[in-house]
Amino acid sequence: MKTIKYLTTPIYYPNNTPHVGHLYSSLLVDVWKKAAKLLNRKHYFTTGLDEHGQKVAQAAAARGYSAQEHVNHLSAKFIEFFQHFNIEWDYWVRTTSVEHKMAVQNIWMKLKNNGYIYKGNYAGWYSISDETYLAEKPEQESEHIVWREEDCYFFKLSALEDQLKKFYEEHPDFVYPNKRYNEAMGFLQNGLKDFVISRPKNRLYWGIEVPDDSDHVIYVWIDALVNYISAVGYPNEEEYKHYWPGKHVLGKDILKFHAIYWPAILMATQLPLPEKLIVHGWWMRDDAKISKSLGNAVPLDDLITKYQVDGIRYFLLRGIELGEDGQFREDILKGVVHGDLANKYGNIFLRMLGIIELRFGGALPNGMPNLKTKEADALRKTLDRLYYSVDTLIDEPETMSEYLNRFIEVIVQINDYFQNNKIWEIEDKVEQAANLYFLMDIFRKATVLISPVLTNSANAVMKFLGFPECSMKYYDSNLPLEYISNRPRLFPKI
Ligand code: MSP
């Protein structure tokens, strides 16, 4: 029986170094996992690399490395990159691992034994960058698109068309957002053709061998999709049934593989289908998707120095509505980090601390937290909505944008409260203390609730306030009254 919530990212091709597009897929799942951890829920997060296939083999050859050396090197690079952004997975997938290979071969044999694999011959245009045969002749030939004629094995996808249609009709919420569900329905309505699931080894050596025919290797997408179950112990039923089925986060470019091929493979092997597909858009630069092949990735080092890891994490989630595309440009990033984090979040903190220093000698006055005004109640309600949005996010990762909106609402309302009530001008010290304590309390709670996104800053704020760490343990407790002396500099403006 399933006991643990399980969310995956796509696994990345290590044909080049990672960029912001990869970070985005993994960040979405990371925040979901951190949110679950915050509220003490069971959760599991996998991410990693899709190490086989022509693209990777070519990249290795171009660098003069063996394919295995190349993927080892890049695996370390991806790990370093993600760790730098505080991404914390439970399991790092590598499709060259022995466990994964065995799981893929197990699935192959099941497909074969269930009558879904047959041998044939294929001739067509193959796109190396997408690792797939194209339906039509491309307008332009290039080194990435080549004509292929080869003996191969086919997967009987056509035999599953009706079953897939029925599944989609019965599960209108299977794909988020709805426009991607409609796109998947479109694939089904156009009819499904059998597809090639192997490559002759003399053409491509870098893959998992077909179990009973060592002249062929298994198509990289079958290999890759199986990671979602091999990562949680498949074929060991005792293990994987605790996790599977899970939810997949993926980019819109790989919808067909996840919405059609993967469910079909699972149907053909009589395994449960994923719970949901959460499909995100692309980070763009001008009119093009940021990608390794285009080489248009924005260097992040300089941006990290200026806006910090937290600023970039925040921007990636707030800068686009989940499911839509967005422009990754420094001016927009700066606008969001300054607008939300420096001017609203960081600034209100500093203003409160300013009064505490000026009028209370730097120690938080022990005010009465039970301020009973209409405005205070309204602020508490807004905070409650933020709390519930974290709770909702854990079950419905697609509500990510909502969560960020709820956070900024609280921060805006703290700012308004401070401004409208002219907290700095209140003569009566007891009244001023009560207001400050109240606002600082809400600020602390909002900080804990946004800590899945603002990992470093939330920790710094909580430590400054005198808590040992940032966790739900310190959500409701009294605020310590003494502050340590070094204020964190939250999102200084550039
Ligand atoms: N290896 C396959 C996935 C196999 S999953 C079983 C693959 N790899 S990829 O490295 O090309 O892309 C992986 C993910 O990164 C995809 O979800 C893709 O959408 C995402 N991104 C790559 N560039 C992107 C942007 N510029 N913006 C947002 N995400 C994009 O496909």
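A. How the structure looks around the packing of aromatic side chains. Following the criterion strictly, the structure yields 46 aromatic pairs and no others. When the ring of tyrosine 6 is compared with that of tyrosine 243, the centres are 6.2 Å apart and the planes differ by 75 degrees; the resulting orientation is edge-to-face. Of this pair, tyrosine 6 sits in strand S1 (residues 5-12) while tyrosine 243 is found in the loop between helix H9 (237-240) and strand S12 (247-251), placing the two residues 237 residues apart along the sequence. By relative accessible area, tyrosine 243 is classed as buried at 16%. Their ring planes at 65 degrees and their centres at 6.2 Å tell us that phenylalanine 78 and phenylalanine 82 sit as a pair that is edge-to-face. Here phenylalanine 78 and its partner phenylalanine 82 are both found in helix H3 (residues 67-84), four residues apart, which amounts to about one turn of the helix. Look at phenylalanine 82 and you get buried, because its relative accessible area is 0%. Three or more aromatic residues link up through ring pairs in this structure, and these residues are Tyr12, Phe78, Phe81, Phe82, Phe85, Trp89 and Trp92. Directly above the ring of tryptophan 424 sits arginine 351, whose terminal nitrogen or CZ lies 5.2 Å from the centroid. Between the NZ or CZ atom of lysine 445 and the centre of the ring of tyrosine 475, over which it lies, the distance is 5.6 Å.

B. Layout of helix H16 (residues 455-464). Every buried residue of H16 is accounted for by Thr455, Ser457, Ala458, Val461, Met462 and Phe464. Summarising the contacts, the buried residues of H16 are in contact with helix H1 (20-38), helix H11 (301-318), helix H12 (330-360) and helix H15 (429-450). Glycine 466 sits one or two residues past H16 and shows a positive phi near 105 degrees.

C. Expanded view of the pattern of salt bridges. In this structure the tally under the stated criterion is 32 salt bridges. With its nearest N and O atoms 3.1 Å apart, the salt bridge here joins lysine 34 to glutamate 88. In this pair, lysine 34 sits in helix H1 while glutamate 88 sits in the loop between H3 and strand S3 (91-94), placing the two residues 54 residues apart along the sequence. For aspartate 391, the salt bridge identified is with arginine 41, shortest N-O distance 2.4 Å. Pair noted here: aspartate 391 is in helix H13 (residues 374-395) and arginine 41 is in the loop between H1 and strand S2 (43-49), with a separation of 350 residues, a long-range link. Aspartate 391 sits in the partly exposed class, given a relative accessible area of 25%. The class of arginine 41 is partly exposed, set by a relative accessible area of 30%. Three or more residues joined by partner-sharing salt bridges are found here, namely Asp30, Lys34, Glu88 and Arg313.

What counts and what doesn't
- Residues numbered from 1 in each chain as written.
- Predicted model: local features only at pLDDT ≥ 70, side-chain atom pairs only at ≥ 80, totals over all residues.
- Heavy atoms only, no water.
- Phe/Tyr/Trp six-rings, centres within 6.5 Å; stacked < 30°, edge-to-face > 60°.
- Helix = DSSP H or I, 4+ residues; strand = E, 2+ residues; numbered from the N terminus.
- Buried < 20%, exposed > 50% of the residue type's maximum accessible area, 1.4 Å probe, protein only.
- Lys NZ or Arg CZ within 6 Å of the ring centre and 35° of its normal.
- Contact = heavy atoms within 4.5 Å.
- Salt bridge = Lys/Arg side-chain N within 4 Å of Asp/Glu carboxyl O.

Distances and angles like these do not, on their own, reveal function.
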